[in-house]
Amino acid sequence: MRIHCKVVVIAVCFGVFLLLYFWGGNAADDPLLKEVGEEPQRQRQQEKKKKEEVVEEESSNSSPSPSELRRDVAAKFAGKSSAGVGVRPEEPRKERRGVNAKSKPRSNVAQPVSKRSRAEEFMHLAVVACGNRLDETLTMVKSALLFSIKKIKFHIFAEDPLAPQFEERLNQWPRGISAKFQFSIYPISFSVGNADEWKKLFKPCAAQRLFLPVILKDVDSLLYVDTDVLFLRPMDDIWSLLKSFNKTQLAAMAPEHEVPKIGWYSRFARHPFYGVTGVNSGVMLMNLTRIRSTLFKNSMIPSGLSWEDLLHPLYQKYKNHITWGDQDLLNIIFHYNPECLFIFPCQWNYRPDHCMYGSNCKGAEEEGVSILHGNRGVYHDDKQPAFKVVYDAIRDFPFEDNMFQSLFYPIQTKFLDTVNTLCGRIPQVFLKQIEKTMRKVFEDKVVRHVRPHK
Ligand SMILES: *[C@@H]1O[C@H](CO)[C@@H](O)[C@H](O)[C@H]1NC(C)=O
Ligand SMILES: *[C@@H]1O[C@H](CO)[C@@H](O)[C@H](O)[C@H]1NC(C)=O
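Residues numbered from 1 in each chain as written. Chains lettered and ligands numbered in written order. Predicted model: local features only at pLDDT ≥ 70, side-chain atom pairs only at ≥ 80, totals over all residues. Heavy atoms only, no water.

In the nomenclature of an unreviewed UniProt entry, the protein chain is known as UDP-D-xylose:beta-D-glucoside alpha-1,3-D-xylosyltransferase of Amphiprion ocellaris. Regarding the protein chain, the UniProt comment filed under Function (unreviewed entry) reads as follows: "Glycosyltransferase which elongates the O-linked glucose attached to EGF-like repeats in the extracellular domain of Notch proteins by catalyzing the addition of xylose." Listed under Sequence similarities (unreviewed entry) in UniProt, the entry text for the protein chain is "Belongs to the glycosyltransferase 8 family." (UniProt positions renumbered as here; feature names shortened; annotations may be inferred.)

S.K.: Looking at this model, I keep getting lost on the sheet that holds strand E3 (residues 181–187). Mind explaining?
M.R.: Each strand in a sheet pairs with another by means of backbone hydrogen bonds, the pair being arranged parallel or else antiparallel. Here we have 7 strands laid out as an open sheet, ordered E3-E2-E1-E4-E7-E6-E10, and mixed in their pairing. Lying at the two open borders of the sheet, with one neighbouring strand each, are E3 and strand E10 (341–343). Geometrically, the sheet is characterised by an average inter-axis angle of 25 degrees between neighbouring strands, direction not taken into account. By the bridge criterion, 5 bridges tie strand E4 (residues 221–225) to strand E7 (residues 279–287) in an arrangement that is antiparallel. Considered in E7, the bridge of Val 225 is made with Val 283. The sheet contacts of helix H15 (residues 326–336) involve strand E6 (251–255), E7 and E10, and relative to E7 the element is tilted by about 65 degrees. (Pairing = 2+ DSSP bridges. Helix = DSSP H or I, 4+ residues; strand = E, 2+ residues; numbered from the N terminus. Axes fitted to C-alpha atoms, helices over the stretch in contact; angles between N-to-C directions. Contact = heavy atoms within 4.5 Å.)

S.K.: Explain the pairing of E4 here, please?
M.R.: Each regular strand shows side chains that alternate between the opposite faces of the sheet. In terms of burial, E4 is a largely internal element, 5 of the 5 residues being buried. Neither face of E4 is open: one carries Ser 221, Leu 223 and Val 225, the other Leu 222 and Tyr 224, and all of them are buried. (Buried < 20%, exposed > 50% of the residue type's maximum accessible area, 1.4 Å probe, protein only.)

S.K.: Quick question: what am I supposed to make of the pattern of salt bridges here?
M.R.: Pairing is possible between side chains that carry opposite charge, provided their charged atoms lie close to one another. By the definition in use, this model includes 14 salt bridges. Glu 256 serves as the salt-bridge partner of Arg 351, at 3.8 Å between the closest nitrogen and oxygen. One end of the pair, Arg 351, is in the loop between E10 and helix H16 (362–367); the other, Glu 256, is in the loop between E6 and helix H12 (264–268), with 95 residues separating them in the sequence. Glu 256 matches Arg 351 in its accessibility class, with the two residues each being buried. When the shortest N-O distance is used, the salt bridge between Glu 435 and Arg 439 registers 3.1 Å. Note that Glu 435 and Arg 439 are positioned in helix H19 (residues 427–450) at a spacing of 4 residues, about one turn of the helix. (Salt bridge = Lys/Arg side-chain N within 4 Å of Asp/Glu carboxyl O.)

Spelled out as structure tokens, the structure:
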């Protein structure tokens, strides 16, 4: 009799536990699902507290930090003694294992991991779109989605007329793709100083990126890219560099130029800048948590200033000497705080500058371009057709077609027409990484189909 009672009590407890478990799991998940639909109101009140948990990216374990990238970074800096760029796999890995003990290793992406732990695997990507950059931005977003493994949360800062158009276009994308991302659209806003003055500063809204750490208060880390950037390999690969930061590093960028003799900063800048050639801010990894908690050295106040307090005085001091706007301000900041910056090699921010005066990005020659940055408007004119070919192909790719057939082969074929231009001269630079990426996507798909019952 007593035993029966015990059994009944245990069974009831178990039942209640199960109920709570499933109920709790769903409740935790719903806001995330709804969020996509609720964007418009939400952005207007973006200052309000977001309900959604900070979906901090933890699981670099689902994207093996590519050994060749490490090799590459290491090789690139082998000449210099650099604890910072140095790759110390042990440290991050330990951290990863600890945090993410329960979630699954990479090949299990499609497995029924609990909803909650999947939500924690978001990568964050921010972009600022103004003027006529709608299609360009959407093509960038598309390239990020086509190849990436983990899910992505896009933070799109858009001028008023663009916001509803983003909303509409993104909601039209097929289900298979929309399962891989969420997005929030924010108005352009400047939290310190005179908003109009910031807006007038340089290109429309460019200065917005400086305020990301202040605005996105509950995001731990993010990748900022210009609208004219295209991913040619998974975003996961650059994201995993966050884990290679040493204790003082809080942002990562590529050099503005490889050759000081023809670099802009080294020849013309009338303000301090980072390193020998300065850095380019078109592709910038940021650990926002660290940026928010660091006091930055500067030429104005000896005790250092927080990021938020630094921006306006810095701008006031240098505004008559800067040419490229917010990128110049970033260069000044990291000139005084070089230990805070991680430098990644040029194939992660490959621009016309790397080929229009002759090929000068070694890393891209060796392993191909990883992230293409078509600045100078080259996606939209005929000055550098090699860049345009890639842009057009990704823009026109019908989602869910065979990537080799409808993306890689068209690029390869059209590339033949560019081989007598400066940038098209070495097709491998543009094609190697794309081909590798697509082969991987293809193989993953086949493997997934072959393996029964995920
Ligand atoms: C981190 O790396 C940077 C750049 O190499 C270096 O200047 C800095 O001293 C390093 N910080 C630590 C704590 O090792
Ligand atoms: C960013 O820095 C914070 C504070 O050092 C750290 O806790 C967090 O794990 C870092 N984020 C990533 C993605 O490495």
